[in-house]
Amino acid sequence: MLFEGNERREREREKKAVGLLPPGQSLTLKWPVLHYGSVPRFDPERWDFGVYGLVEAPLRFTWEEFNKLAKTTRTSDFHCVTRWSRFDNQWEGVAFREILGRVKLKAGAAFVLVHGEQGFTANIPLADLDREDVLLATHHDGEPLSADHGYPVRLIVPHLYAWKSVKWVRGIEFLDYNNPGFWERNGYHMRGDPWKEQRFSE
């Protein structure tokens, strides 16, 4: 069971006591798999990652080129809108700021529409991505991401609900307006702050 066991309950009490568990959340020691649709097949010869929209010159990385970008490691918590939280995850990947530093944004760029496989999208304000702990992860807790957790690349935005941490990322599009993504068009909140319980739109 997801939320059973003395160890889990004790760790949950500890996180609550120091103010690290958002309201309405329960701590899990596991890592549940949740997504809409099937798990896409990864082909390293055809995979690419694009950066486009309100930029002076769009970028495109092959899988080989993406893996040559500077890597970083971050430890952060992970809060799902379905009310579980997993703490102290270690991520390895490319910092969002590494990508941001390679493009010249045009005037007005203030939002990002993140594009995943199979047409999935999520909208995120640029200010929520331009942070030290946001990265395009390839590894979790010392191992490559599994396919059902987003391999080869998953966006990690620790301070927002986990649906914003898009699996199977293929591109980031800079915009001057907040364009709703897949779940946002289907009733989820436009921002998704777990500390404010921004689960659903008003």
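Coordinates for the structure precede this section.
Treat the numbers as computed from the prediction; the structure is a model and nothing was measured. (Residues numbered from 1 in each chain as written. Predicted model: local features only at pLDDT ≥ 70, side-chain atom pairs only at ≥ 80, totals over all residues. Heavy atoms only, no water.)

Of note, H79 is situated in strand β4 (residues 72–79). Using a relative accessible area of 4% as the deciding quantity, one classes H79 as buried. Of note is the side chain of H79, whose polar atom sits 2.7 Å from the side chain of S85. Apart from the residues lying within four places of it in its own chain, the contact partners of H79 are L20, P22, Q25, W84, S85, F87, P158, L160, Y161, A162 and P194. (Helix = DSSP H or I, 4+ residues; strand = E, 2+ residues; numbered from the N terminus. Buried < 20%, exposed > 50% of the residue type's maximum accessible area, 1.4 Å probe, protein only. Polar contact = N/O pair within 3.5 Å; in protein donor to acceptor, adjacent residues only side chain to side chain. Contact = heavy atoms within 4.5 Å.)

We now examine the pattern of salt bridges. Applying the stated criterion to the full structure yields 19 salt bridges. The shortest N-O distance in the salt bridge between D141 and R86 comes to 3.3 Å. Here D141 is found in the loop between β8 (135–140) and β9 (143–144), whereas its partner R86 is found in strand β5 (residues 84–95), with 55 residues between them in sequence. We classify D141 as partly exposed; its relative accessible area is 38%. Among the residues examined, R86 registers a relative accessible area of 14% and is labelled buried. The shortest N-O distance in the salt bridge between R191 and D128 comes to 2.9 Å. Highlighted residues: R191 in the segment after α5 (182–185) and D128 in helix α4 (residues 126–129), separated in sequence by 63 residues. Here R191 falls in the partly exposed class, since its relative accessible area comes to 26%. Linked through salt bridges whose partners overlap, the residues forming this network are D48, R60, E117 and R170. (Salt bridge = Lys/Arg side-chain N within 4 Å of Asp/Glu carboxyl O.)

Quick look at the nonpolar core now. F49, F66, I99, L155, I172 and F174 are the most contacted members of the largest nonpolar core, which totals 32 residues. Of all the secondary-structure elements, those providing two or more residues to this core are β2 (48–53), α2 (63–66), α3 (96–100), β6 (111–116), β7 (121–125), α4 and β11 (169–175). Grouped together as the second largest cluster of nonpolar side chains are 10 residues, W91, L135, L145 and I156 included. (Core = buried A, V, L, I, M, F, W, Y, C linked by side-chain atoms within 4.5 Å.)

We now examine the pairing of β4. Alignment of β4 against β5, held across seven bridges, turns out to be antiparallel. Within β5, the position partnered with T75 by the bridge is Q90. Turn length for the β4-β5 hairpin, with the two strands adjacent in sequence and antiparallel, is four residues, and the turn residue R83 shows positive phi of about 90 degrees. (Pairing = 2+ DSSP bridges.)

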